[in-house]
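Descriptive analysis of the structure
For reference, the chains in residue letters:
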Amino acid sequence: MRRRGGSTWTTTPPPPWPLRRPRPCGMPCTRPGATPAAPTLQANNMVIHTACRHFLESRARPGASRGTPHIVTSSVEHDSIRLPLEQLVKESLAEATFVAVSPRSGRAEVDDVLTAIRPTTCLVSIMLANNETGVIMPVTELSQHVHALNQRRVAEGLPRILVHTDAAQMIGKGRVDVQELGVDYLTIVGHKFYGPRIGALYVRGPSTTTPLHPMLFGGGQERSFRPGTENTPMIAGLGQAAELVSKNWEAYETHMRDVRDYLEARLEASFGKQRIHLNSHFTGSKRLCNTSNFSILGPGLQGRRVLSRCKMLLASVGAACHSEKGDRPSAILLSCGIPYEVAQNALRLSVGRDTTRADVDLVVQDLVQAVVQLDQDQAP
C-alpha cells in the first residue's frame, strides 16, 4: 500500500544487479534445480502438470490400473492452484480435494490433509503462508507424514505422492529452508521480497529425484524444462534480492513484526477493541510478520467504502487477483470462519522493510477520519 503524495509502504527495487546466475533464493538444498518462471502462475501450473503426467506414466506399466490422478490442496490456496485444478476436474482429467481450513486455527490441519489422500493421490500442494490472513501452514510436519506414507505406498505398488508448497508470501518475511520443509517443489516469487516481477520453481533434483515435465516446447533453454530466451537481468535481480534476504531476513522479520504489532495496537486504541476485529488472529497459529487483516465493525463500513474516504492510504480489501469481486467478502476469510458481515468490512495492510511507526500513525489517523465521515453520512 502507498500513502498519497509519497511512498510510505511500497516495495522499492534492489540495487543494481550483477549479471550472474542466481542460486535459488539462497536456500540450502541437495542437487537443486531452480527454473525461472512467470511469478506463481507458471510455476504452480507446471507442478500440477508434472504431477498428473508422472501419475499417468507410472500407471502405464503392465498390470497397473490406470485411474485418474488425484490432488489434495486447501480451500484457501492462491488462484494459480485452485483454478487449474478446477479446470482439470471440469475436463475429467484429474480429481481434486480442497481441504477446508480449521476455523479455530486458520490452517489446513495435517490430519485433515492426510485423511483426504486416496490410492490415486499424486500431489499434495499446501501454501506455506496464506496471502490474506498471513497464517503459516504446517508444511514441514505434513511433508514428514507424506514421506513416511510414500514408503508404505511403494510396497503396495501405489504411486508416489509429490509435495509442493507455494512459498510466495513467506520468503523475505521468515525462515525458508527447503531441507527443513522436506518438499519436492517450492514456488518462489521475486516481487514479494523486493525483487523483480519474476519467479522460480525449486525442484529437488529435477528429473532425477523428482519428476519435472515442461509445459512449453521450442527451445533448449533451462535444460528444456522452460524453453525460451532467458530474461537475464530479471533472473540476476531475483538472485540479488534472494541474497539480501538470505543475509538479512532475521532483521527484516523483527522490524516488520514490531511495526505490524504497533499498527494493530494503534487501531485498537483509536477505535476501541470492541470495534476492531483482527481477522488474522487464530488460536495456536503463527502468522507472517508483515500482514494485518482486520475489520472496523459497524454498518456501512465495508472495506471499499472506508478506503474511498481515505486521503492518504491506498490499500486493499484482499488479494489483488480477486479485485474483480467488488464488495463481496473474501472467500478466504469466509473459509476461515470469519462471519459474513465482518469479512465484508475487511482491510488488509502489509508493512514493509522501510515502514515506520510514524507511517502507522498517519495511516491510523487517516482511517479514523474516514470512519468519522461515513458515520456522519449515516446519521439521521
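Before going into details, it helps to say that this report is about the structure given with it. (Residues numbered from 1 in each chain as written. Predicted model: local features only at pLDDT ≥ 70, side-chain atom pairs only at ≥ 80, totals over all residues. Heavy atoms only, no water.)

Points about the pairing of strand E10 (residues 291–296)
With six of six residues buried, E10 lies mostly within the body of the structure. Residue alternation in E10 divides its side chains into two sets, Thr291, Asn293 and Ser295 and Ser292, Phe294 and Ile296, and both sets are buried. As defined by bridge partners, strand E9 (residues 276–278) adjoins E10 across three bridges and the pair is classed as antiparallel. Looking at the pairing, His277 lines up with Ser295 of E10. Across five bridges, E10 lies against strand E12 (residues 346–350) in antiparallel orientation. Across the sheet, residue Thr291 finds its bridge partner in E12, namely Ser350. (Buried < 20%, exposed > 50% of the residue type's maximum accessible area, 1.4 Å probe, protein only. Helix = DSSP H or I, 4+ residues; strand = E, 2+ residues; numbered from the N terminus. Pairing = 2+ DSSP bridges.)

Topic: the pattern of salt bridges
If the charged atoms of two oppositely charged side chains come close together, the side chains can form a pair. Inspection of every chain in the model, using the stated rule, returns 16 salt bridges. Here Arg107 and Glu109 are joined by a salt bridge, their closest N and O atoms 3.0 Å apart. The shortest N-O distance in the salt bridge between Arg357 and Asp258 comes to 3.0 Å. Of the two residues, Arg357 sits in helix H10 (residues 357–378) while Asp258 sits in helix H6 (residues 232–271), which places them 99 residues apart along the sequence. Among the residues examined, Arg357 registers a relative accessible area of 41% and is labelled partly exposed. According to the relative accessible area criterion, Asp258 is partly exposed, its value standing at 36%. Three or more residues joined by partner-sharing salt bridges are found here, namely Asp79, Arg82 and Glu86. (Salt bridge = Lys/Arg side-chain N within 4 Å of Asp/Glu carboxyl O.)

Some words on H10
Because the α-helix completes a turn every 3.6 residues, residues three or four places apart line up on one side. Taking 1.5 Å as the rise per residue, H10 with 22 residues should run 32 Å; its terminal C-alpha atoms sit 32 Å apart, in good agreement. Turning to H10, its buried residues are Asp359, Val360, Val363, Val364, Asp366, Leu367, Ala370, Val371 and Leu374. All buried residues of H10 lie within an arc of 160 degrees about the axis, which places them on one face of the element. Projecting away from the buried face of H10 at angles above 90 degrees are the exposed residues Gln365 and Gln376. (Expected span 1.5 Å × (residues − 1). Arc of directions from axis to C-beta.)

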